[in-house]
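Structural overview
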Amino acid sequence: MNDPSHPTSTRHDTFVIERRLDASPARVYAAFADQAAKRAWFAGSAGLTQLRNELDFRVGGEEHVDGRWTSGMVSKFHAVYHDIVPARRIVYSYDMHLDERKISVSLATIEFHPDGVGTRLKLTEQGAFLDGYDDAGARERGTNGLMDALEKSLARS
Amino acid sequence: MHATASQQLDATFAALADPTRRAILARLASGEQSVTALAEPFEMSLPAVTKHLGVLERAGLIERGRQAQWRPCRLQAAPLRQAAHWVEQYKAHWELRLDRLEEFLRASSAAPAKKPTRKTTNKRRTQP
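Residues numbered from 1 in each chain as written. Chains lettered and ligands numbered in written order. Predicted model: local features only at pLDDT ≥ 70, side-chain atom pairs only at ≥ 80, totals over all residues. Heavy atoms only, no water.

With respect to the overall build of chain A
Secondary structure assignment for chain A yields 4 helices and 7 strands. In chain A, the succession of α and β elements from N to C terminus is β-α-α-β-β-β-β-β-β-α-α. Counting the 157 residues in chain A, one finds 51% classified as buried. Excluding contacts between residues fewer than 6 apart, the proportion of contacts in chain A whose partners are at least 24 apart in sequence is 41%. Counting every atom, chain A has about 7300 Å² of accessible surface; 51% of that belongs to carbon and sulfur. (Helix = DSSP H or I, 4+ residues; strand = E, 2+ residues; numbered from the N terminus. Buried < 20%, exposed > 50% of the residue type's maximum accessible area, 1.4 Å probe, protein only. Contact = heavy atoms within 4.5 Å. Areas by Shrake-Rupley, 256 points an atom, 1.4 Å probe, with all protein chains shown as cover.)

Quick notes on the overall build of chain B
Counting its regular elements, chain B contains 6 helices and 2 strands. When the 128 residues of chain B are sorted by exposure, 42% land in the buried category. For chain B, long-range pairs separated by at least 24 residues make up 52% of all intrachain contacts whose partners lie at least 6 apart in sequence. Put simply, chain B shows about 7200 Å² of open surface, and 53% of that area lies on carbon and sulfur atoms.

What about helix 2 (residues 19-28) of chain B?
Among the 10 residues in helix 2 of chain B, 8 count as buried, and that is most of the element. By the burial criterion, the buried members of helix 2 of chain B are B:Thr20, B:Arg21, B:Arg22, B:Ala23, B:Ile24, B:Leu25, B:Ala26 and B:Leu28.

A look at the packing of aromatic side chains
The geometry of two aromatic rings is summed up by the distance between their centres and the angle between their planes. Applying the stated criterion across every chain yields a total of 12 aromatic pairs over all chains. When the ring of A:Phe57 is compared with that of A:Tyr81, the centres are 5.0 Å apart and the planes differ by 70°; the resulting orientation is edge-to-face. On the criterion of sequence distance, the pair formed by A:Phe57 in the loop between strand 2 (48-55) and strand 3 (62-69) and A:Tyr81 in strand 4 (residues 74-85) is long-range, its members being 24 residues apart. Accessibility classification places A:Phe57 together with A:Tyr81 in one group, the buried group. Taken together, the aromatic side chains of A:Tyr29, A:Phe32, A:Trp41, A:Phe42, A:Phe57, A:Phe77, A:Tyr81, A:Tyr92, A:Tyr94, A:Phe112 and B:Trp94 make up a single cluster linked through ring pairs. The lysine or arginine in question, A:Lys38, covers the ring of A:Tyr92, its NZ or CZ lying 5.8 Å from the ring centre. (Phe/Tyr/Trp six-rings, centres within 6.5 Å; stacked < 30°, edge-to-face > 60°. Lys NZ or Arg CZ within 6 Å of the ring centre and 35° of its normal.)

Points about unusual backbone geometry
Most peptide bonds take the trans configuration, and most residues that are not glycine carry a negative phi. All names here are of chain A. Phi is positive for Ala-87, close to 65°, though the residue is something other than glycine. Since its relative accessible area comes to 23%, Ala-87 is described here as partly exposed. Backbone geometry at Asp-99 places phi at a positive 50°, although glycine is not the residue there. Topologically, Asp-99 is positioned in the loop between strand 5 (89-98) and strand 6 (101-115).

Things to note about the sheet that holds strand 6 of chain A
All names here are of chain A. Read from one edge to the other, the open sheet built from 7 strands follows the order 1-7-6-5-4-3-2, with strand pairing classed as antiparallel. Two strands in the sheet have a free side with no partner beyond their single neighbour: strand 1 (10-21) and strand 2. Taking each pair of neighbouring strands and ignoring which way they run, the sheet shows an average axis angle of 15°. Relative to strand 3, strand 2 runs antiparallel, the two sharing 7 bridges. Looking at strand 3, one finds that Leu-48 is bridged to Trp-69. Contacting strand 1, strand 2, strand 4, strand 5, strand 6 and strand 7 (118-130), helix 1 (residues 25-33) runs over the sheet at an angle of about 160° to strand 6. (Pairing = 2+ DSSP bridges. Axes fitted to C-alpha atoms, helices over the stretch in contact; angles between N-to-C directions.)

So this is what it looks like as structure tokens:
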């Protein structure tokens, strides 16, 4: 639970990422469905030490991927699978924690479309992104000014 | 390249996780300032502020002038651009993941008969 004494902010957002992969939908799906295979690519990252990695890939099953970053920060990913159609679609919801702070609750839909001999993977993520960087004290200290300045610098570039 | 992008996100995350450092960035948004001027509103020692500036500098969020006496601090927008919203972080992480998925599929197609076995299930994987 996030600290109730801190003001909250919520941002709803959706993003879509599509990627063409040189492997059949069955093989791409297997990279999500098989724990050992998924471990090889999903959570691995330089600077991340995995603390927990469990996948119970079935409808109602859960997944936990926790890791410690070089900064000492601990990230926790916890998912529940809602819909699984082999080689076609996976739907899961998940929340993310950074240390003790819950930073998002999302619904992720992954679709595998045949594309020649390969696959067009479509990932749609719909999320409530919680208490971002402009939280409590930071807002008082003018983080909004920071965001305004950023937006201006982005508009310029 | 993946490691660099991922480490950059990690460094940005870590640097922004601290309210004092966010406040320092917010002040720099209005223009460059000296360390002394930056330290003024904070109830902490100059060395403590300097330490925060070091974290921000290593994360690439600020740049410091080279003059010995007056080392003005300037905001660097590029890493912040990516970290400005959680959603951008998520997208960036997904792009990196999908890069790794592509590599994984490419590597495993070289030995298509070899499916990962349950034997490795309980092994913890620590990335270099």
